[in-house]
Amino acid sequence: MTTPFKLLLCTWNVGDTNPPKETADYLPMLGIVGDHREWPAMISIGLQEVKNDASQAFKNLFIEDDWTIMYKEILSKHSYIMVKSVKLGALLLLTFLQQRYLPYVSNIEKDTTKVGFGGLSSNKGGLSIRMDLCGVNIVIVNCHLAAHFAKTEERIIDYMTILENQSFKNDESSTILDHE
C-alpha cells in the first residue's frame, strides 16, 4: 500500500564555509512553515565543498561535522529524525524523516563513488541514500563533478561511473536507475 508523502530535496555548494551562526532563515527555506501537516515527510540535503582539510577530516572521525550538527539541531525541533547520512571527502548527504513516518521506512542503505583524479580522490564523486518509504523505493544522489563547459565530457563520464558503480543489497532496486 502506498501513502502519499512530500519530499524536499536541497543541494548547496557551501564553498568551504562554516554554517552560519543565525539559522532562523533556514526553516522557511526548508519548507518548515505553516501547518505542520503540510511539511515534507522527508528532507534530504546534499552539500558540496564542505570543509575537509586534514584537521577537519580527523575531527570528523570522532564527531559529526558542523553542517550535520546544525541541520540536526534545526530539524529535530520540528520532529525530524536523521535516518541516514553519508560523507565522502567534501561531499555530504543528510536525510531526515518526520518522526511519524518512521514506521513506514525500511531497507535504508548508502553508497559512495570517488571520481576525482580517475577515481583515486574524493574531491569529486557521488553519494547516495536509498530506502523504501511508504511502499515506494527511493534513491537520493548528491554529486560534485568537474565545473565549466570545457569539462562537459569529463562530467558525463563521471556521471556514468557513478551510475554504474553505485549498488545496493535490495533485489528490486539494486542500482540507482532501478528506483521509482
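Since the model is a prediction, treat every value here as computed from it, not as a measurement. (Residues numbered from 1 in each chain as written. Predicted model: local features only at pLDDT ≥ 70, side-chain atom pairs only at ≥ 80, totals over all residues. Heavy atoms only, no water.)

1. Here we look at the overall build of the protein chain
Here is the rule: Counting from the N terminus, the helices are the DSSP runs of H or I reaching at least four residues and the strands are the DSSP runs of E reaching at least two. Note on definitions: a residue-residue contact is assigned when non-hydrogen atoms from the two residues lie within 4.5 Å. Here the accessible surface of atoms and residues is derived via Shrake-Rupley with a 1.4 Å probe, and residues count as covered only by protein chains that are part of the display.
What the protein chain contains, in helices and strands, is four helices and seven strands. N-terminal to C-terminal, the α/β element order of the protein chain is β-α-β-α-α-β-β-β-β-β-α. Excluding contacts between residues fewer than 6 apart, the proportion of contacts in the protein chain whose partners are at least 24 apart in sequence is 65%. With an accessible surface of roughly 10,000 Å², the protein chain has 55% of that area assigned to carbon and sulfur atoms.

2. Some thoughts on the pairing of strand 3 (residues 80-88)
This is how the line gets drawn: By definition, two strands form a pair when at least two bridges between them are found by DSSP.
In this structure, strand 3 lies alongside strand 4 (residues 91-98), joined through eight bridges in antiparallel fashion. Note that in strand 4 the partner of Tyr 80 across the bridge is Gln 98. Here strand 3 hands over to strand 4 after two residues, with Gly 89 in that stretch at a positive phi of 55°.

3. A word on the pattern of salt bridges
Pairing is possible between side chains of opposite charge, provided their charged atoms come close. We count it as follows: Within this document, salt bridges are pairs made up of a side-chain nitrogen of Lys or Arg and a carboxyl oxygen of Asp or Glu, the two lying within 4 Å of each other. Think of it in three bands: residues with accessible area under 20% of the maximum for their type are buried, residues over 50% are exposed, and the middle band is partly exposed, with areas taken using a 1.4 Å probe on protein chains only.
Under the defined criterion, the tally for this structure stands at four salt bridges. A salt bridge links Asp 132 to Arg 130; its shortest N-O distance comes to 3.0 Å. The exposure classification of Asp 132 matches that of Arg 130, with both residues buried. Salt-bridge contacts for Glu 154 lead to Lys 151; the nearest nitrogen and oxygen are separated by 3.6 Å. For Glu 154, a relative accessible area of 36% corresponds to the partly exposed category.

4. Section: the side chain of Ser 128
Definition in use: Think of a polar contact as two N or O atoms within 3.5 Å of one another; within protein, one of them needs to be a possible hydrogen donor and the other a possible acceptor, and neighboring residues in sequence only count if both atoms come from side chains.
Mapping Ser 128 onto the fold places it in strand 6 (residues 121-133). For Ser 128, a relative accessible area of 0% corresponds to the buried category. Engagement of the side chain of Ser 128 in a polar contact is seen with the side chain of Gln 166, the distance being 2.3 Å. The contact partners of Ser 128, leaving out residues within four places of it in the chain, are Val 86, Leu 93, Glu 109, Lys 110, Asp 111, Val 139, Ile 140, Val 141, Gln 166 and Phe 168.

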